Amino acid sequence: MTAAISARQLAVTFAGRGRAAPVRALAPLDLEVTRGRIVGVLGPNGSGKTTLLRVLAGLQRPVAGSVEVLGGAATARAVQRRVGYQPEGPLPIGVLSAPEYLAYVGAELGLPDAEADARAHRLLTRLDLLGAGRRWIGTFSTGMQKRTALAAALLGDPELLLLDEPTSGLDPFGSELVMQILRERKAAGCAVLMASHHLLEVEALCDEVLVLQGGVLRARGTLDELLATGDRALVLRGLDDRALQELAAAARARGGEVVGIEAKHRHLFALFRRLAGAEAAGHRGDRDGAGA
Amino acid sequence: MRIGGRGPFGLVLRRCLAAVWLPTLLAALAGLVLQRAAPPQLADAAAATAAVSSPWLMLPLLVAAIGAAVTAVRFWPPFAAQRPGAETLRRLQRGPLAGNGATIAGALTAQLALTSLVLGALAGSFGAPAARAHVEPRPAREGLLLPGTAPLTFTAADGPVCRTLLLRPHAGLPDGPITATRLEVRADGELLTTAPLACVEDRQLLRFDFAPRSVHELTITATAGTVPLWLPRGAVVLVGDAERPWPLNAALVALIGLVPTFAALALALLGGRVAALPTVTTVVVAILFVSIAGELGPLPAAVRALLRGQWLPASPVFPASIPSLLVGSLAMILSMSWPAGSRR
Amino acid sequence: MMSRVPPIVAACAGLGAAALVPPTPDVGREVAAWAARPAVLPFAWGAFTEARDAGDGDEVFARGQQILRLLPTWTDGHQAFACDYALRERQPAADAEARQLDAERRLQVAMSWLDAARATAGRREIDLLQTLVMLPEIAARQTPGLHERLARHGGAERTDRWLAEAERRFPTAAVREMRTFFGPRLAANMLTAGNRDGALLVLDTAITRSADVRDRALADEWAMRLREVVRALRGETVDLTAVHADPRFAPLLPFLR
């Protein structure tokens, strides 16, 4: 299987304003993303995540190195049509409704009108945007804009998705929906490269992670590789404190170290889902039923 | 769900029409009211030419032009630097103009539709006369006209059928007491009028009608008087006999009205490489205001030609549009060759 | 709390302004003209000069009116545009009658414009009144036959009323001198129209006003000549040698033989 993204010694430098020194946005890095995998790009603000995505989307020319996307140049129009790109920030042309915006994107991707409309309808339904009707996308909430942008990125049925902060500003249901869609795209053979600050989502979703800092690749690998520490934990349920103390003493007697005994908390999202999920799921079910 | 006009052209066209039709209509109504409310204080109102109504007709044209241009600039992110989403569009759009040309075409089409309607509706009610070709015959030689000097000869190519002659001679200082210089005008050797033609003031308009006839050569002779007259280019104008359809004349004016908007939008596209939206919008409004209200562009001359009954294809208004067209085209070429977004 | 202060100040200022200058339609028009003037005037002036180059006389006049609507107190402009309109011939007329008719029409239009402009002229109204007095004379000298035509249509009586109005509004020595020195011309015009009583009344007024002429020697001589003319017109036998020799009485000579 050919790599969806193949970059060698890719480097980006921005000229400094006036007499200021040039700014290194990306130090030379190698990157390979195969189809059917989700790769997360982590890093603090200004670490080069967006620059990397822009280079791969064909919007930024590297000063050094080579990059191949879906077997062609990232700037080639034929390649760009096969790549779904969701940039960070608001949508362009805020005075269009979501269907109008997707119709425009479909036309520019060269989709036949009927097919573009059918795909747009499916995506708007799936992303819970049909209720917005003829409202201008400029008036949408951040979450709705994000979902619209994702719909636009998915409209061309891309083989590669480049997503810049796809879940920022989304409520937990929205994030879950996006992650679910990305898993489906992965299962369909699509490669996904996503930059995110949401570590938990990256952990839950990505097969591989790159960590950038100051434009330099600090770490890369699968989650298992990166998160492995050599420690193993024993999770117990149903014992009282006294029984736990006895077990700890036995562990020490065998040469082990007891780091601590503490109650394991439930994941916050699980709590959120338990408290609010039933009602919201009911609403969504109603809307999906109406839209279908 | 069918979405018509999916590309930038259709989107901008629809957006401009939706945003500008009401302001244009209100401006047209205001122009109509102002024209009616402030007529010239002439004893015979009909004597005033319709051309004095040009400010009131210009008002809706100015509103439509500014409205369409500003709507397009605000609609399409590449018109200004650092607009969110500009990169998305740049990536989606194809061709050397990257959708910018289609956007400008959409705005211009919206303006054309609105101004054609306005001109069609208002020009008649402002008393625009029937359109006739105004032809400037070429002088065989330049010289002063005085009794005793050789007559001046003017030739009209193709010998158009005419019915009116307009003379606006420049007058010099007389050598002695002032006596109006009397003129005799012959067309192809035949006397055009027996009515007295006398001129004593500089750029005094002499106008007379004659039986429609083909004119190849005009001969003007000074028969009496002391005021030397000089007839430079444009001082002799023949008015054709054939009436031309004034709605077509109005549509041509609307077409000429697109030239300043094209230049303004092209310059905005260029300026938008470095300037933010408020700056670009201000520049567009200023360019249109100065070129339309300030008469630097071709539109005011075209409007007056329409209201004076001049058939535009035969007038010098079209050549006057060329500088604005060149400026706009140059700006478009420069903006095409200046790639946007080369740095963050 | 602070955000409420500017609207309150603005409201107070508005009320104060409304109390000082009640918002009548005239005030509204003046404010609108004041606001529009800087933006519109350069373009109005450009259209005016363009009309002079390419338009006809009526268009030039109407363009001038557009400018003066923006500058209603510009009396020099009113005078210049009105005189230009009245004195500039539009078309070569077919005959003398048509030429007089057109000249009279233009004069009437220009004078009605000047009369209307008096309302906003303020202290410079006197300039407009003087133009109203002088313009028919200048026009009559330019167009042969217009003099008699104006006289028949009450032109002299109108001019006398303008003079009286000027004297009433601006009772200065200069205006009174104007009224006395204009007497012979006005009287001649009235006599042309057969209004002998009116002519005598005008000459009597001129004699009275001659007392206000600042040059006393000139005043005495002028009053003496006027009295000789009046006596001659009343049929008395008078030695008119000095009157005949004085070019200021030339208009009256045809009626003194």
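Residues numbered from 1 in each chain as written. Chains lettered and ligands numbered in written order. Predicted model: local features only at pLDDT ≥ 70, side-chain atom pairs only at ≥ 80, totals over all residues. Heavy atoms only, no water.

(A) Representation of the overall build of chain B. Looking only at helices and strands, chain B features ten helices and 13 strands. Reported as C-alpha extents along the three principal axes, the dimensions of chain B are approximately 80 × 40 × 35 Å. Across the 344 residues that make up chain B, the buried fraction comes to 51%. The long-range share in chain B, meaning contacts at least 24 apart out of those at least 6 apart in sequence, stands at 82%. A total accessible area of about 14,300 Å² is found for chain B, and carbon and sulfur atoms account for 65% of it. Between the centroid of the 27 positive side chains of chain B and the centroid of its 16 negative side chains there is a distance of 23 Å. (Helix = DSSP H or I, 4+ residues; strand = E, 2+ residues; numbered from the N terminus. Buried < 20%, exposed > 50% of the residue type's maximum accessible area, 1.4 Å probe, protein only. Contact = heavy atoms within 4.5 Å. Areas by Shrake-Rupley, 256 points an atom, 1.4 Å probe, with all protein chains shown as cover. Lys, Arg positive; Asp, Glu negative; His and termini not counted. Charge placed at Lys NZ, Arg CZ, Asp CG, Glu CD.)

(B) Fine view of the interface of chain B and chain A. With 26 residues of chain B in contact, the opposing surface of chain A contributes 38 residues. Approximately 3,000 Å² of surface area, both sides summed, lies buried where chain B meets chain A, with 53% of it carried by carbon and sulfur atoms. In this structure, the connection of chain B to chain A is made through three salt bridges. In this structure, the salt-bridge partner of B:Arg14 is A:Glu100, at a minimum N-O distance of 3.5 Å. Taken together, the connections running from chain B to chain A amount to seven residue pairs in polar contact (both at pLDDT 80 or more). Elements with a contribution of two residues or more to the side of chain B that touches chain A: α1 (8–37) and α3 (86–92) of chain B. If you tally residues by element for the side of chain B that touches chain A, the top one is α3(B), at six residues. By residue class, the composition of the side of chain B that touches chain A is ten nonpolar, six polar and ten charged. (Buried area = accessible area lost by both parts, 1.4 Å probe. Salt bridge = Lys/Arg side-chain N within 4 Å of Asp/Glu carboxyl O. Polar contact = N/O pair within 3.5 Å; in protein donor to acceptor, adjacent residues only side chain to side chain. Nonpolar A, V, L, I, M, F, W, Y, C, P; charged D, E, K, R; others polar.)

(C) Examining the packing of aromatic side chains more closely. Here the structure, examined in full by the defined rule, presents 13 aromatic pairs over all chains. Ring geometry for B:Phe208 and B:Phe210: centres 6.2 Å apart, planes at 55 degrees, overall tilted. Grouping residues by exposure puts B:Phe208 and B:Phe210 together as buried. On the numbers, 5.4 Å between centres and 45 degrees between planes, the contact of C:Trp45 with C:Phe48 is tilted. With C:Trp45 and C:Phe48 both in helix α2 (residues 25–54) and three residues apart, this pair spans about one turn of that helix. Taking relative accessible area as the criterion, C:Trp45 reaches 37% and is therefore assigned partly exposed. Given the relative accessible area of 3%, C:Phe48 is considered buried. Each residue in the set C:Trp45, C:Phe48, C:Trp74 and C:Phe81 is aromatic and connected to the rest through ring pairs, giving one cluster. (Phe/Tyr/Trp six-rings, centres within 6.5 Å; stacked < 30°, edge-to-face > 60°.)

(D) The arrangement of the confidence of the model for chain B in detail. Per-residue pLDDT for chain B averages 86, and the proportion of residues at 70 or more is 94%. The least confident element of chain B, judged by mean pLDDT, is α3(B) at 80; the most confident is helix α6 (residues 258–271) of chain B at 93. (pLDDT = per-residue confidence, 0-100.)

(E) Geometry of the arrangement of the chains. In this assembly two pairs of chains touch, with chains A and B having more contacts than any other pair. With respect to C-alpha atoms, chain A approaches chain C no nearer than 27 Å, and the pair has no contact.

(F) Fine view of the domain arrangement of chain B. Annotation of chain B at the domain level lists domain 1 (8–131 + 245–337) and domain 2 (134–240). The C-alpha-based centres of domain 1 of chain B and domain 2 of chain B are spaced at 38 Å. (Domains from an automatic or database assignment.)

(G) Representation of the interface of chain C and chain B. Contact residues are listed per partner, giving 30 residues for chain C and 31 residues for chain B. Interface area, chain C with chain B, both sides summed: about 2,400 Å², of which 47% is carbon and sulfur. For the interface between chain C and chain B, the tally reads five salt bridges. At the junction of chain C and chain B, the tally comes to ten residue pairs in polar contact (both at pLDDT 80 or more). Looking at the side of chain C that touches chain B, the elements that each hand over two or more residues are α2, α3 (57–70), α4 (75–87) and α5 (96–117) of chain C. Its residues assigned to classes, the side of chain C that touches chain B comprises 14 nonpolar, four polar and twelve charged.

(H) Structural view of the sheet that holds strand β3 (residues 144–145) of chain B. With antiparallel pairing, the three strands of this open sheet are ordered in space as β3-β12-β6 (chain B). Looking at strand neighbours, the two that pair on one side only are β3 and β6 (170–171) of chain B, the edges of this open sheet. (Pairing = 2+ DSSP bridges.)

(I) Structural view of the environment of C:Thr143. Relative to the helices and strands, C:Thr143 resides in the loop between α6 (125–142) and α7 (146–152). Excluding its chain neighbours within four sequence positions, the residues that come into contact with C:Thr143 are C:Arg99, C:Gln100 and C:Ala103.

(J) Broad picture of the pattern of salt bridges. All names here are of chain C. Counting across every chain of the model gives 48 salt bridges over all chains. Asp-76 is the partner of Arg-124 in a salt bridge, and the nearest nitrogen-oxygen pair spans 2.9 Å. Separated by 48 residues along the polypeptide, Arg-124 in the loop between α5 and α6 and Asp-76 in helix α4 bring together distant segments of the chain. On the accessibility criterion, Arg-124 (37% relative accessible area) is partly exposed.

(K) Expanded view of the side chain of B:Ser291. Residue and element names in this part refer to chain B. Within the element layout of this structure, Ser-291 appears in helix α7 (residues 277–293). On the basis of relative accessibility, which here comes to 9%, the residue Ser-291 falls in the buried class. The residues contacting Ser-291, other than those within four sequence positions of it, are Pro-260, Leu-296, Gly-297 and Pro-300.

(L) Region of the structure containing the sheet that holds strand β5 (residues 161–167) of chain B. Residues and elements named next belong to chain B. If you trace the four strands from one edge of the open sheet to the other, you get β1-β13-β5-β10, paired in antiparallel fashion. Two strands bound the open sheet, and with one partner strand each, they are β1 (134–135) and β10 (206–214). Summarising the sheet, β5 and strand β13 (residues 236–240) pair through five bridges and their orientation is antiparallel. Bridging across to β13, Leu-166 finds its partner in Val-237.

(M) Seen up close, the nonpolar core. One finds A:Tyr101, A:Tyr104 and A:Leu182 to be the most contacted residues of the largest nonpolar core, which totals 109 residues. In terms of residues, this core owes the most to one element, helix α2 (residues 54–75) of chain B, which gives 13 residues. Contact partners of A:Tyr104, with chain neighbours within four places excluded, come to A:Ile93, B:Arg6, B:Gly7, B:Pro8, B:Leu11, B:Trp76, B:Leu89, B:Leu92 and B:Gln93. (Core = buried A, V, L, I, M, F, W, Y, C linked by side-chain atoms within 4.5 Å.)

(N) Region of interest: the state of the cysteines. Summed over the entire model, instances satisfying the criterion amount to zero disulfides over all chains. With no disulfide of its own, A:Cys190 lies 13 Å from the sulfur of A:Cys206, the closest cysteine sulfur. (Disulfide = S-S within 2.5 Å.)

(O) Spatial organisation of a nonpolar patch on the surface. All names here are of chain B. Together, Trp-21, Leu-22, Leu-25, Leu-26 and Leu-29 make up a nonpolar patch on the protein surface, roughly 480 Å² of accessible area in all. Tracing the chain through its elements places Trp-21 in helix α1. By relative accessible area, which is 46% here, Trp-21 ends up partly exposed. (Patch = residues over 30% accessible without salt bridge, like charges linked within 9 Å, V, L, I, M, F, W, Y side chains within 5 Å.)

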